[in-house]
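Each chain, written out:
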Amino acid sequence: MKIDLKIRRFNPTTKNGREPYYQAYSIEASEGMTVLEALMSIAAAQDPTLSFRRSCRSSICGSCAIKINGFTKLACSTQIIPEHEKAHEMVLEPIANHTVLKDLIVDFDPFWKKLDKVKPYLMPPETQPEGRTKEVHISEKDAEAIDHAQKCIMCGSCNSECNALEIEKKYLGPAALAKAWRFVGDVREEGGRKRLGRLSDDHGIWDCVRCVHCVEYCPKGVEPLTAIERLRSRAIQEGIKDNHGAKHVEAMVNSVKKVGRLDEAAMTFKTLGLLRSLGMIPFGLKMEMHGKMPHPHLFPQIKKIDEVRTIYAEIKRKNKNAKKKPKG
Amino acid sequence: MVKHCSVFRDKTELEQGVAKMAELRQRFKKVVLKDRTDYYNTELPSVLELGNMLDIAYSTLIGALAREESRGAHTRTDFPKRNDEKWMQHTLVTKKDDTFSLSYKDVSFTKYEPTERKY
Ligand code: SF4
Ligand code: SF4
Ligand code: FES
């Protein structure tokens, strides 16, 4: 079956390649052929100047993430014929949120630097805690809590599709935070509190806008968002609350407790404080102009507020009962 | 290599393989790079890899042709028996000025003596 492809080309060192452009290719696809095999056949038989990363060809090395018809996927685990049938086209581009170096190759340095930042290694206690022998027994449950985060192959698909990273390049991003949880959530880890403090700083766990893209696009089922949520609740449990994110959560909890719904205007104030809230006035006016400003005075306390408060009391009671070990 | 030097191999297949591989190695001498840039040139490493692969394949073939016995994944259908007396040796291939030569080295045993597989 003949398939036409359009591949985004870019080579800053040549005169013709300085401006990115799309080049058309055509291949004879056989059943089961992957997008990566198509790329390799083009490089071998048609155009050896076409550059892309690959190694294992079996979705384990994490080298070959690219955008296929607009969505980040592993080229080696995507079959070309069904993909073409779905989209009626085959457009291949480098992943987003990374600087393109050449053709489908992007700069991964920021990715590795962010990973370094979360110190991706176990920090066990320097001296053995009392009662602990050489071996630490890890229960199935302990392992399960971090198992998803261990499956990461560092392909960068999540970072490519992350909405928070798109607007804030300094954000640590889903891949690094999934790795952070892998260690914070490890029962052998000692530096957890310190880590959580650092992760709660600007451009850490609270930058995520919970768009769920990282979960959706991860080829390995890592669920970085799950990791981020676990890190957030751990941070709050550890009392690390002096940051916008934790304050926002508290304001939300209190607002629902008080009026049974989100009082968004009041929340801005509680999250940002007086001075910074004043800075939000122009933004608020713009929202007003577009009819998007919430009007708290128009929405008084809901009628069945008692029911909401019962839920809160119940949660409190449960938490008290379960005051053994905080879980993820 | 799949045809001439799979797990089951014999003299005829191997000899043909050696001849074909020698020819491929000659052809490789005329290989050209189409991508002449020096920035993320991914054609260059693939050409270097190809040259190395041809050398390794040739070494494997001549080693297998010389080893007239069967051992592990080297199953010579024309020499189905394992022969420890003659072949308890490592094959060493040396490439010098584009010619390959074979030499052998004794296997040193420590704790476990190798015995024939019985399954
Ligand atoms: S859920 Fe958070 S981390 Fe994941 S892609 Fe969205 S913003 Fe990024
Ligand atoms: S979390 Fe998933 S998508 Fe992100 S780098 Fe790891 S394997 Fe890739
Ligand atoms: S080539 Fe290794 S993950 Fe695709």
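Per chain, residue numbering runs from 1 following the sequence as it is written. Chains and ligands are labelled sequentially in the order written, the chains with letters from A and the ligands with numbers from 1. Residue-level local features of this predicted model are given only where pLDDT is at least 70; pairs of side-chain atoms are given and counted only at 80 or more, and the full residue set underlies all totals for whole chains, interfaces and linings. Hydrogens and water are ignored here; the side-chain numbers use all heavy atoms of the structure.

1. A closer look at a nonpolar patch on the surface
Residues and elements named next belong to chain A. By definition, no residue in a patch forms a salt bridge, and every one has over 30% relative accessible area; like charges are joined within 9 Å, nonpolar side chains (Val, Leu, Ile, Met, Phe, Trp, Tyr) within 5 Å. Per-residue accessibility takes into account occlusion by the displayed protein chains alone, with areas from the Shrake-Rupley method and a 1.4 Å probe. The rule for a salt bridge is simple: a side-chain nitrogen of Lys or Arg has to be within 4 Å of a carboxyl oxygen of Asp or Glu. The grouping of Phe269, Leu274, Leu275, Leu278, Ile281 and Leu285 at the surface amounts to a nonpolar patch, some 640 Å² of accessible area in total. Taken together, the elements giving at least two residues each to the nonpolar patch come down to α12 (264–279) and α13 (281–289). With four residues, the single largest contributor to the nonpolar patch is α12. The numbering of helices and of strands both runs from the N terminus, where a helix is a DSSP run of H or I of at least 4 residues and a strand a run of E of at least 2. You can see Leu275 is positioned in helix α12.

2. With respect to the confidence of the model for chain B
Residue and element names in this part refer to chain B. With 99% of its residues at a pLDDT of at least 70, chain B reaches an overall mean of 94. One confidence number per residue, pLDDT, is output by the predictor and ranges from 0 to 100. Averaged over each element, pLDDT in chain B is lowest for helix α3 (residues 84–87) (93) and highest for helix α1 (residues 11–28) (97). Interface confidence for the predicted complex, expressed as ipTM, amounts to 0.73; the pTM equals 0.82.

3. So, the domain arrangement of chain A
You can read the domains of chain A as domain 1 (2–106), domain 2 (109–125 + 154–237) and domain 3 (244–324). Domain start and end points were adopted from an automatic or database domain assignment. A separation of 46 Å is found between the C-alpha centroids of domain 1 of chain A and domain 3 of chain A.

4. Considering the packing of aromatic side chains
Residues and elements named next belong to chain A. Think of it this way: a Phe, Tyr or Trp ring, Trp meaning its six-membered ring, pairs with another when their centres are within 6.5 Å, and the plane angle makes it stacked under 30 degrees, edge-to-face over 60, tilted otherwise. Going through the model one piece at a time under the given rule, you end up with seven aromatic pairs over all chains. On the numbers, 6.2 Å between centres and 15° between planes, the contact of Phe71 with Tyr217 is stacked. One end of the pair, Phe71, is in strand β4 (residues 71–74); the other, Tyr217, is in helix α9 (residues 213–217), with 146 residues separating them in the sequence. In this structure Phe71 comes out as partly exposed when scored by relative accessible area, which is 42%. Judged by centre distance (5.8 Å) and plane angle (55°), the rings of Phe108 and Trp112 are tilted. We call a residue buried when its accessible area falls under 20% of the maximum for its residue type, exposed when it is over 50%, and partly exposed in between, using a 1.4 Å probe and counting protein chains only.

5. Comments concerning the site of ligand 2
Residue and element names in this part refer to chain A. Nearness is defined per residue: one heavy atom within 4 Å of the molecule or strand is enough. Every residue close to ligand 2 is listed here: Cys152, Ile153, Met154, Cys155, Gly156, Ser157, Cys158, Ala175, Cys218, Pro219, Val222 and Pro224. In this analysis the probe radius is 1.4 Å and the grid spacing 1 Å, with only protein atoms considered; a cavity is a set of points the probe fits into but cannot get out of, a pocket is an open set with protein on both sides within 12 Å along at least five of seven lines, and lining residues have an atom within 4 Å of a point. For this analysis, a molecule is said to be in a pocket or cavity if more than half of its atoms are within 2 Å of the grid points defining it. Here ligand 2 is seated within the largest cavity. Residue classes follow a fixed rule: Ala, Val, Leu, Ile, Met, Phe, Trp, Tyr, Cys and Pro count as nonpolar, while Asp, Glu, Lys and Arg count as charged, and any other residue, Gly among them, counts as polar. Per-class residue counts for the shell around ligand 2 are ten nonpolar, two polar and no charged.

6. Section: the nonpolar core
Nonpolar side chains tend to gather and get buried jointly when the protein is soluble and globular. Here, the term nonpolar core denotes a set of buried Ala, Val, Leu, Ile, Met, Phe, Trp, Tyr and Cys residues that are joined through side-chain atoms within 4.5 Å. Counting residues in each nonpolar core, the largest one holds 67 residues, and the members touching the most others are Ile7, Ile27, Ile80, Leu92, Leu199 and Leu231 of chain A. Composition of this core by domain shows at least three residues from each of domain 1 (2–106) and domain 2 (109–125 + 154–237) of chain A. Residue contacts are defined here by distance: any two heavy atoms, one from each residue, within 4.5 Å place the two residues in contact. Excluding residues within four positions of it along the chain, Ile80 of chain A makes contact with Ile3, Leu5, Ile27, Ala29, Met33, Thr34, Val35, Ala38 and Met90 of chain A. Formed by eleven residues, the second largest nonpolar core is a distinct cluster that contains Leu14, Val18, Ala57 and Ile62 of chain B.

7. Side note on the layout of surface pockets
Grid points are joined across faces, edges and corners, and a volume is the space filled by probe spheres set on the points. Counted as a void, the second largest pocket has a volume near 600 Å³. In terms of lining, the second largest pocket is formed by 15 residues, of which the most central are Ala44 and Arg54 of chain A together with Thr42, Ser46 and Glu49 of chain B. Secondary-structure elements contributing two or more residues to the lining of the second largest pocket are α1 (35–45) of chain A together with α2 (43–66) of chain B. Ranked by the residues each element gives to the lining of the second largest pocket, the list is headed by α2 of chain B, at seven residues.

8. Observations regarding the site of ligand 1
All names here are of chain A. In the region of ligand 1, 13 residues are neighbours, and Cys162, Tyr171, Cys208, Cys211 and Cys214 sit closest. Mapping ligand 1 onto the cavity grids shows that it belongs to the second largest cavity. Those elements that place two or more of their residues in the shell around ligand 1 are α9 and α10 (224–237). Residues of the shell around ligand 1, tallied by class, amount to eleven nonpolar, one polar and one charged.

9. Quick look at the pattern of salt bridges
Residue and element names in this part refer to chain B. Considering all chains together, one arrives at 26 salt bridges over all chains under this definition. Close ionic contact of Arg25 with Asp98 constitutes a salt bridge, the shortest N to O distance being 2.6 Å. With Arg25 in helix α1 and Asp98 in the loop between β3 (89–96) and β4 (99–106), this pair connects stretches of sequence that are 73 residues apart. With relative accessibility at 11%, the residue Arg25 sits in the buried group. Across the salt bridge formed by Asp84 and Arg71, the nearest N and O atoms sit 3.0 Å from each other. With a gap of 13 residues between them, Asp84 in helix α3 and Arg71 in the loop between α2 and β2 (75–76) connect regions that are remote in the sequence. Judged by relative accessible area, which is 21%, Arg71 ranks as partly exposed.

10. What about the sheet that holds strand β2 (residues 21–28) of chain A?
All names here are of chain A. With mixed pairing, the five strands of this open sheet are ordered in space as β2-β1-β5-β3-β4. Two strands close off the open sheet at either side, each with one partner strand: β2 and β4. Averaged over neighbouring strand pairs, the angle between their axes works out to 35° when direction is ignored. Strand pairing is assigned whenever DSSP identifies at least 2 bridges connecting the two strands. Bridge count for strand β1 (residues 2–9) against strand β5 (residues 91–93) is two bridges, and the pairing is parallel. Bridge pairing links Ile7 to Leu92 in β5. Lying on the sheet, α1 is in contact with β1, β2, β3 (65–68) and β5; it crosses β2 at an angle near 100°. Simply put, an axis is a line fit to the C-alpha atoms, just over the touching stretch for a helix, and the angle between two N-to-C directions goes from 0 to 180 degrees. Across the face of the sheet, helix α2 (residues 80–87) comes into contact with β1, β2, β3 and β4 while running at roughly 85° to β1.

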